[in-house]
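Structure assessment
Here are the chains, one letter per residue:
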Amino acid sequence: MTKTTTSAPVLGIRALNRATLDRQLLLRRSGLSAKAAVGHLLGLQAQNVKPPYHALAARLDGFTPEALSRLMADREVVRIVTMRSTIHTHTAEDCLTLRPLVQPARDRELTHFRKGLDGVDLDRLAVLARELVEAEPRTMKQLREALLAEWPDADPQSLAIAARCRLPLVQVTPRGLWGSSGQVALTTAEHWLGRPAEPVPAPDATVLRYLAAFGPASVKDMQTWAGLTRLREAFERLRPQLLTFRDENGVELFDLPDAPRPAEDTPAPPRLLPEFDNLLLSHADRTRVVPKEYWGRSWQGNQAYCTLLVDGFLAGVWRLTADALVVEPFGRLTRGQREDVTAEGERMLGTLHPGTPYDIRFGTVVGK
């Protein structure tokens, strides 16, 4: 541990929690537009259609699902695989810059499929796949079948994954629109947006944006968020313009000098977040949001649950049935907390499902 690290001020769990919640627009609802919020947060986790809408409903004042749908229909935001090899909703600008930044991770991902790609010329595959999806959007099944005709001995699934890794493939609408349905059909980001991708950027600017949205944070935290390695050099270049702290375990944390770091007793209202919300997945050490006793409680097998924050920390899960919002806390809530959670549920329902009658129930606690 360096002298600089040992002499840096210590930020406890609650201080880190409040700072992160503030950056994540979760201490108080923000007046940002939907597009500005998506940009500030560097995208929203979006394996399914609804999570980005729930994420913004928890964060923005006056948000309506139509606001995000319009952006998607107008191609101002898109759905694309970026960080951690997962689908995110990004602004068009971030789609064209962040995807090149995380391309090394997509290249590494391909090594897991090399057996199924034996004998496949990946450069030719990328050219052929681009021609196919730019001629017309293709489903993964259509893409697999077309590529299999060229490489009949290859593994079909590996061929499609190779195309997704080598090319910036976006999901075209109506997929992702609120209240609409549509299977996943893909084309390139450049074709969909009508402009070329940006050159691979240096990570420095993204480090600063990451700290603005997720800080204070360690190098390992950002590497976890991005799915990248070797970001230490960028942090070191930026060190003269950053503040440094350490957590209770002595890990060095970086932050922007003018970023908010609220007092640890700042009130944090309850929030209903979607499954896989960015808040829960963007740090190597998640204890700033997830108490150790609740680690692993927000998913079961391959099933991830929508999550409840109480006093800023993970405190339960929730689900929407045909006629009710069912909240399942992990522990006992006080009467005041239950009332606040109910009020937050009513607000969420009024935002995303106006005019639809739902009960709000406190259900059985999810098992350990």
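A few points on the structure. Given the structure is predicted, the values throughout are model-derived calculations rather than measurements.

1. Here's the deal with the sheet that holds strand E8 (residues 271-273)
Spatial ordering of the open sheet is given by E8-E11-E12-E13-E14, a layout of five strands whose pairing is mixed. For this open sheet the edge positions go to E8 and strand E14 (359-362), each flanked by a neighbour on one side alone. Each adjacent strand pair in this sheet contributes to an overall mean axis angle of 30 degrees, direction not counted. Along the sheet, helix H16 (residues 335-352) contacts E8, strand E11 (306-310), strand E12 (313-320), strand E13 (324-329) and E14; its crossing angle with E14, the most-contacted strand, is approximately 145 degrees.

2. Looking at helix H7 (residues 103-110)
Residues of H7 that are buried include every one of Gln103, Ala105, Arg106, Glu109 and Leu110, and no others. Seen along its axis, H7 keeps its buried residues to an arc of 155 degrees; they face one direction.

3. Brief notes about the pattern of salt bridges
With the rule as written, the count across this model stands at 30 salt bridges. Residue Glu236 pairs with Arg239 through a salt bridge whose shortest N-O separation is 2.9 Å. You can call Glu236 partly exposed: its relative accessible area is 34%. A salt bridge links Arg361 to Asp323, with the nearest nitrogen and oxygen atoms 3.4 Å apart. Residue Arg361 is located in strand E14, and its partner Asp323 is located in the loop between E12 and E13; the two are separated by 38 residues in the primary sequence. A relative accessible area of 39% places Asp323 in the partly exposed class.

4. Some details on the packing of aromatic side chains
All told, the structure shown has seven aromatic pairs when counted by the stated rule. Their ring planes at 55 degrees and their centres at 5.1 Å tell us that Phe235 and Phe254 sit as a pair that is tilted. Linking Phe235 in helix H14 (residues 232-238) with Phe254 in strand E7 (residues 252-255), this pair joins segments that are 19 residues apart in sequence. Taking the relative accessible area as the measure of exposure, Phe235 reaches 0% and is therefore buried. The interplanar angle of 55 degrees and the centroid separation of 4.9 Å between the aromatic rings of Tyr294 and Phe330 together place this pair among those described as tilted. Highlighted residues: Tyr294 in the loop between helix H15 (278-281) and strand E9 (299-300) and Phe330 in the loop between E13 and H16, separated in sequence by 36 residues. Here a set of aromatic residues connected by ring pairs shows up, and it is made of Tyr210, Phe214 and Trp225. Of note, Arg75 hangs over the ring of Trp192, and the distance from its end group to the ring centre comes to 3.4 Å. Seen from the ring of Phe362, Arg338 lies directly overhead, with NZ or CZ sitting 4.1 Å from the centre.

5. With respect to helix H2 (residues 13-23)
Most of H2 sits inside the fold, with nine of its eleven residues counted as buried. Listed as buried for H2 are Ala15, Leu16, Asn17, Arg18, Ala19, Thr20, Leu21, Asp22 and Arg23. Leu25 sits one or two positions beyond H2 and adopts a positive phi of about 65 degrees.

6. Details of the sheet that holds strand E3 (residues 87-91)
Strands sit in the order E1-E3-E2-E4-E5 across an open sheet of five strands; the sheet is antiparallel. Each of the sheet's edge strands pairs with one partner strand only, and the pair in question is strand E1 (44-45) and strand E5 (186-188). In this sheet, strand E4 (residues 169-171) lies alongside strand E2 (residues 77-81) in antiparallel orientation, the contact comprising two bridges. Residue pairing for E4: Ile80 is matched across the bridge by Val170.

7. Some thoughts on unusual backbone geometry
A cis geometry characterises the amide bond from Thr173 onward to Pro174, with omega recorded as 20 degrees. With respect to the secondary-structure elements, Pro174 resides in the loop between E4 and E5. In this chain, Gly215 is followed by Pro216 through a cis amide linkage whose omega measures -10 degrees. One can find Pro216 in the loop between helix H12 (204-214) and helix H13 (219-226). With a phi close to 60 degrees, Arg230 is a non-glycine residue in the positive phi region. Examined against the element boundaries, Arg230 turns out to sit in the loop between H13 and H14. Of note, Phe276 is a non-glycine position whose phi angle comes to about 60 degrees, a positive value.

Basis of the calculations
Residues numbered from 1 in each chain as written. Predicted model: local features only at pLDDT ≥ 70, side-chain atom pairs only at ≥ 80, totals over all residues. Heavy atoms only, no water. Pairing = 2+ DSSP bridges. Helix = DSSP H or I, 4+ residues; strand = E, 2+ residues; numbered from the N terminus. Axes fitted to C-alpha atoms, helices over the stretch in contact; angles between N-to-C directions. Contact = heavy atoms within 4.5 Å. Buried < 20%, exposed > 50% of the residue type's maximum accessible area, 1.4 Å probe, protein only. Arc of directions from axis to C-beta. Salt bridge = Lys/Arg side-chain N within 4 Å of Asp/Glu carboxyl O. Phe/Tyr/Trp six-rings, centres within 6.5 Å; stacked < 30°, edge-to-face > 60°. Lys NZ or Arg CZ within 6 Å of the ring centre and 35° of its normal.

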